[in-house]
Amino acid sequence: LVRYLFQFNSGATYTVDVRYSDMLGRQYIDTELGLVASFLHQTDGLCGYMDNDKDNDLLTPDGAQLTNTTDFVESWRVDVSVPNSGDGSWSWVNSNFHPDDPLDSSYTNPYHRAVYGADQLDSRVHSEAKRDCEALGLEGKLLDDCILDLALTGDRTVLH
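First, a word on scope: everything that follows refers to the structure included in this document. Small disclaimer: the values here were computed from a predicted structure and weren't measured.

## Describing the state of the cysteines
1) Next: Scanning the model with the defined rule gives 1 disulfide in all.
2) Next: At a sulfur-sulfur separation of 2.1 Å, the disulfide partner of cysteine 133 is cysteine 146. The S-S bond linking cysteine 133 to cysteine 146 shows a torsion near -80°; that makes this disulfide left-handed. In this pair, cysteine 133 is assigned in helix 2 (residues 123–134) and cysteine 146 in helix 3 (residues 140–153), connecting sequence segments 13 residues apart. Note on accessibility: cysteine 133 and cysteine 146 belong to one class, buried.

Following this line, the structure appears as structure tokens:
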């Protein structure tokens, strides 16, 4: 584990963890943004205005509120690439994460069903991950996603 923590004068923090996953057989990056109370009503997007009011969450860049998460993700899509601009260039043609990770329609297709799911895990691993994720009060898809994340990565920080 390699961790970089940036703390800003505002008190906000940005953490970047570089971890190794035995299951994936490679490193991956986990990021976390920690905001403080002074950001109340100063944000928009996924968490709305950061005011614990779910009625203003999932805001698009133009301020429209959506209920469908796929539509929300698409509204924030970066749709420009800068060809031949080096490692920092964003591309929807090539993976920005790992050379072996192709980008495909499964990222945004609302009908896509993953090849692997929590129901395909070893029963012992599934039971342990389910117990830990249920302790967070998660249900439905959030619970399934937590179980799968925890079981595949072995990274207990997904529980925080």
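## Section: helix 3
1) Next: Compared with the 20 Å implied by 1.5 Å per residue over 14 residues, the 20 Å span of helix 3 between its first and last C-alpha is a close match.
2) Next: If you check which residues of helix 3 are buried, you get Leu143, Cys146, Ile147, Leu148, Leu150 and Ala151.
3) Next: Buried-residue contacts for helix 3 involve helix 2.

## What to know about the sheet that holds strand 1 (residues 2–7)
1) Next: The strand order across the open sheet built from 3 strands is 1-2-3, with neighbouring strands paired in antiparallel fashion. Single-partner strands in this sheet number two, and they are strand 1 and strand 3 (26–34). The average undirected angle you get between the axes of adjacent strands in this sheet is 15°.

## Description of the nonpolar core
1) Next: Judged by nonpolar contacts, Ala118, Leu121, Ala129, Cys133, Leu143, Cys146, Ile147, Leu148, Leu150, Ala151 and Leu159 together constitute the single largest core of 11 residues.
2) Next: Those elements that provide at least two residues to this core are helix 2 and helix 3.

## Details of the pattern of salt bridges
1) Next: By the definition in use, this model includes 7 salt bridges.
2) Next: Ionic pairing is found between lysine 141 and aspartate 145, a salt bridge with its closest N-O pair at 3.0 Å. Here aspartate 145 and lysine 141 lie together in helix 3, a separation of 4 residues that amounts to about one turn.
3) Next: The exposure class assigned to lysine 141 is exposed, which follows from its relative accessible area of 61%.
4) Next: It is possible to trace a salt-bridge network through shared partners that takes in Arg3, Asp17 and Arg19.

About the cut-offs
- Each chain carries its own residue numbering, running from 1 in the written order of its sequence.
- Residue-level local features of this predicted model are given only where pLDDT is at least 70; pairs of side-chain atoms are given and counted only at 80 or more, and the full residue set underlies all totals for whole chains, interfaces and linings.
- Here the side-chain values reflect all heavy atoms present in the structure, with hydrogen atoms and water set aside.
- Put simply, a disulfide is two cysteine sulfurs that come within 2.5 Å.
- For helices the rule is a DSSP run of H or I covering at least 4 residues; for strands it is a run of E covering at least 2, with both sets numbered from the N terminus onward.
- Each residue is placed in one exposure class: buried if its accessible area under a 1.4 Å probe, protein chains only, is under 20% of its type's maximum, exposed if it is over 50%, and partly exposed if it falls in between.
- Expected helix span is computed as 1.5 Å times (number of residues minus one).
- Whether two residues are in contact is decided by their heavy atoms: any pair within 4.5 Å suffices.
- Pairing between strands is defined by DSSP: at least two bridges between the two strands are required.
- Working convention: axes come from line fits to C-alpha atoms, limited for helices to the stretch in contact. Angles between N-to-C directions cover 0 to 180 degrees.
- The term nonpolar core refers to a set of buried residues drawn from Ala, Val, Leu, Ile, Met, Phe, Trp, Tyr and Cys, joined through side-chain atoms within 4.5 Å.
- The term salt bridge refers to a side-chain nitrogen of Lys or Arg lying within 4 Å of a carboxyl oxygen of Asp or Glu.

Function-wise, these values are silent; they only describe arrangement.
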